[in-house]
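Overview (structure and organization)
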Amino acid sequence: MADLYLHDWRGWTPHRVADDEPRLDTRDKPDGTAVPSMLRRRLNLLGRAVCDMLAAIDPDADSLVLHASRHGDGERTLEMLYGLDEGEPLSPARFGLSVHNATVGVYSIASGNRRSQQAIAASGGEWAALVAETRGYLADHHSSLVVVFSDQPVPERFAAYAPESFSAAVVLRFGREPAAGARRLTETPLALDGPTVQPLDIIDWLMDRRERVTCPISQRGWQFADLPS
């Protein structure tokens, strides 16, 4: 299996303390200034955070982008379903922002990035799917790409049917060659049970608050190995 290197990352969540980590934004309300105001109003807080982090990680807006979210914008979808039940017409604009690739679509419009952008949902195996897709793109002669993993709590009505989750998003740049300050990602088969990987888990891992992340669905675990100085 080809080596995979983490070159840089950014994270957002109001559910952690940054501990002087400049790459983590813990404000309740991200600025969203990477997106013009007319588009910004169409995004929720999570979407604004993702667009700001993409602008920081990929300032030239010329990278492939993979975006995974287990639940997407469930609140917006539920509001539309309630409206349909009450006989209200479906808003095309609201529907367009409820689909799984809405955030990267807005980012593409705002930044002018016309490279490939992929949206993933994998029923709790999002991180494993992101890593697998990343390896595929890098094996296909791309030198690097940007990975986004974001999620938020499901609507209260469905909370009893889904794992507890927190609003968080993380953006990572991966490459197939080592670079200054990079960390090598190692992957190991593991037979285990446990909760699914969420964006907040990845943030904790990136900040060395946990040794590895594990996915019971794919039966795999990941950890970092620092490169020699």
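Structure first, text after, so check above.
Cut-offs used in this document
- Residues numbered from 1 in each chain as written.
- Predicted model: local features only at pLDDT ≥ 70, side-chain atom pairs only at ≥ 80, totals over all residues.
- Heavy atoms only, no water.
- Helix = DSSP H or I, 4+ residues; strand = E, 2+ residues; numbered from the N terminus.
- Rg over C-alpha atoms; globule rule 2.2 N^0.38 Å.
- Buried < 20%, exposed > 50% of the residue type's maximum accessible area, 1.4 Å probe, protein only.
- Contact = heavy atoms within 4.5 Å.
- Areas by Shrake-Rupley, 256 points an atom, 1.4 Å probe, with all protein chains shown as cover.
- Phe/Tyr/Trp six-rings, centres within 6.5 Å; stacked < 30°, edge-to-face > 60°.
- Salt bridge = Lys/Arg side-chain N within 4 Å of Asp/Glu carboxyl O.
- Core = buried A, V, L, I, M, F, W, Y, C linked by side-chain atoms within 4.5 Å.
- Patch = residues over 30% accessible without salt bridge, like charges linked within 9 Å, V, L, I, M, F, W, Y side chains within 5 Å.
- Expected span 1.5 Å × (residues − 1).
- 1 Å grid on protein atoms, 1.4 Å probe; cavity = no way out; pocket = protein on both sides within 12 Å on 5 of 7 lines; lining within 4 Å.
- Points joined across faces, edges and corners; volume = space filled by probe spheres on them.
- Nonpolar A, V, L, I, M, F, W, Y, C, P; charged D, E, K, R; others polar.

A few words now on the overall build of the protein. If you tally the helices and strands in the protein, you get 7 helices and 9 strands. The C-alpha radius of gyration of the protein comes to 18 Å, within 12% of the 17 Å expected for a compact globule of 229 residues. Based on the C-alpha atoms only, the size of the protein along its principal axes is roughly 60 × 40 × 35 Å. Looking at the protein as a whole, 46% of its 229 residues are labelled buried. Summarising the internal contacts of the protein: among those between residues at least 6 apart in sequence, 68% fall at separations of at least 24. Carbon together with sulfur atoms contributes 49% to the accessible area of the protein, which is approximately 11700 Å² in total.

Another aspect to go through is the packing of aromatic side chains. One pass over the full model with this rule turns up 3 aromatic pairs. Note on Trp-205 and Phe-224: the rings are 4.2 Å apart at their centroids and 10° apart in plane angle, and the pair reads as stacked. In this pair, Trp-205 sits in helix 7 (residues 199–206) while Phe-224 sits in strand 9 (residues 220–226), placing the two residues 19 residues apart along the sequence. With a relative accessible area of 1%, Trp-205 lands in the buried category. Aromatic rings pair up to connect Trp-127, Phe-149, Trp-205 and Phe-224 into one cluster.

A few words now on the pattern of salt bridges. Between side chains of opposite charge, a pair can form as their charged atoms come close. Under the defined criterion, the tally for this structure stands at 12 salt bridges. For Arg-210, the salt bridge is made with Asp-201, and the minimal N-O distance between the two is 3.0 Å. A salt bridge links Asp-204 to Arg-209, with the shortest nitrogen-to-oxygen separation between them at 3.7 Å. The exposure class of Asp-204 is buried, given its relative accessible area of 8%. What emerges from the salt-bridge pattern is a single network uniting Arg-16, Asp-19, Asp-204 and Arg-209.

Counting residues in each nonpolar core, the largest one holds 34 residues, and the members touching the most others are Trp-127, Leu-172, Ile-202 and Trp-222. Of all the secondary structure elements, the ones that give two or more residues to this core are strand 1 (4–12), strand 3 (65–68), helix 6 (126–139), strand 5 (144–151), strand 6 (168–175), helix 7, strand 8 (212–215) and strand 9. Looking at which element gives the most residues to this core, the answer is helix 6, with 6 residues. If sequence neighbours within four positions are ignored, Trp-222 has contacts with Trp-127, Ala-128, Val-131, Leu-185, Thr-186, Glu-187, Trp-205, Glu-211, Arg-212, Val-213, Thr-214 and Cys-215.

This next bit is on a nonpolar patch on the surface. Among the surface-exposed residues, Leu-81, Leu-84, Leu-90 and Phe-95 lie close enough to one another that they form a single nonpolar patch of about 380 Å² accessible area. Along the polypeptide, Leu-90 turns up in the loop between helix 3 (74–85) and helix 4 (92–96).

This part is about helix 3. Compared with an ideal rise of 1.5 Å per residue, which puts 12 residues at 16 Å, helix 3 spans 17 Å between its outermost C-alpha atoms and is within 8% of the ideal. Within helix 3 the residues assigned to the buried category are Gly-74, Arg-76, Leu-78, Met-80 and Gly-83. Against the buried residues of helix 3 lie helix 4.

Quick look at empty space enclosed by the protein now. A complete count under the given rule lists 2 cavities of 30 Å³ or more for this structure. Each pocket or cavity is described by its volume, and for the largest cavity that value is around 190 Å³. For the largest cavity, the lining is made up of 18 residues, of which Asn-44, Gly-72, Asp-73, Ala-102 and Thr-103 are closest to its centre. Residues that form the lining of the largest cavity fall into these classes: 5 nonpolar, 10 polar and 3 charged. Size it by volume and the second largest cavity reaches roughly 90 Å³. If you trace the second largest cavity, you find it lined by Arg-70, His-71, Gly-124, Glu-126, Phe-149, Asp-151, Pro-163, Ser-165, Thr-196, Val-197, Gln-198 and Pro-199. The residue inventory of the lining of the second largest cavity, partitioned by class, reads 4 nonpolar, 5 polar and 3 charged.

Looking now at the environment of Pro-14. Inspection of the secondary structure assignment puts Pro-14 in the loop between strand 1 and strand 2 (24–25). A C-alpha to C-alpha distance of 27 Å links Pro-14 and Met-80, two positions 66 residues apart in sequence. Dropping the residues within four chain positions of it, Pro-14 is found in contact with Thr-26, Arg-27, Asp-28 and Ser-167.

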